[in-house]
Amino acid sequence: MSRLNQIIVQGNLGRDPELRHTDSGKALCKFTVATWRSDGGTQWFHVTCWEKTATAVGENLKKGDVVTVIGRHESREHDGKTYWDLNAFQVHFGSKREADTETRREPPKKAPAVQHTKARWDDNEIPF
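What this report covers is the structure whose coordinates are included nearby. A quick note: this is a predicted structure, and the numbers were derived from the prediction, not measured.

### Observations concerning the environment of Ala34
Mapped onto the secondary structure, Ala34 falls in strand S3 (residues 27–36). The buried category is assigned to Ala34, whose relative accessible area is 11%. Sequence separation between Ala34 and Trp44 is ten residues, and the spatial gap between their C-alpha atoms is 4.7 Å. Not counting chain neighbours up to four residues away, the residues in contact with Ala34 comprise Gly11, Asn12, Thr42, Gln43 and Trp44.

Here you go:
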């Protein structure tokens with residue numbers, strides 16, 4: 001299998017994973033991952049994984065958990081919207097969402113602008 005079309009996505013599960021089995025018995029799991037864009041918006045990925053990965057995801061992850069997904073990316077258009085699909089090769093588990101916390105995760109704050117100041121020192125203080 002060629003892996004030239006490979007993407008790495010890290011974010012939070014948007015809902016609990018849906019684990020099922022095909023008629024032939026193969027495990028299949030689908031879930032969504034939300035990532036934060038630089039403009040403050042959210043980018044959603046629809047992820048599908050199979051076999052052992054599907055079983056591990058379905059049995060261990062919940063909405064809000066952090067994951068890193070490595071897989072093949074495809075996009076599709078539907079009703080004027082672009083959807084990002086990801087067929088996962090690997091899913092790495094991150095931190096768990098606290099059971100008691102129902103707060104919405106906020107996107108990272110932009111770093112404040114750094115003001116550069118001209119350094120002032122005595123040339124005699126420089127050790128070289």
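Resuming the write-up.
### Observations concerning the pairing of strand S2 (residues 18–21)
Bridge count between S2 and S3: four bridges; the pairing is antiparallel. Along S3, the bridge assignment pairs Leu19 with Cys29. Hairpin connection, S2 to S3: the antiparallel pair is bridged by five residues, and Gly25 has positive phi, about 95°.

Rules and cut-offs
Residues numbered from 1 in each chain as written. Predicted model: local features only at pLDDT ≥ 70, side-chain atom pairs only at ≥ 80, totals over all residues. Heavy atoms only, no water. Helix = DSSP H or I, 4+ residues; strand = E, 2+ residues; numbered from the N terminus. Buried < 20%, exposed > 50% of the residue type's maximum accessible area, 1.4 Å probe, protein only. Contact = heavy atoms within 4.5 Å. Pairing = 2+ DSSP bridges.

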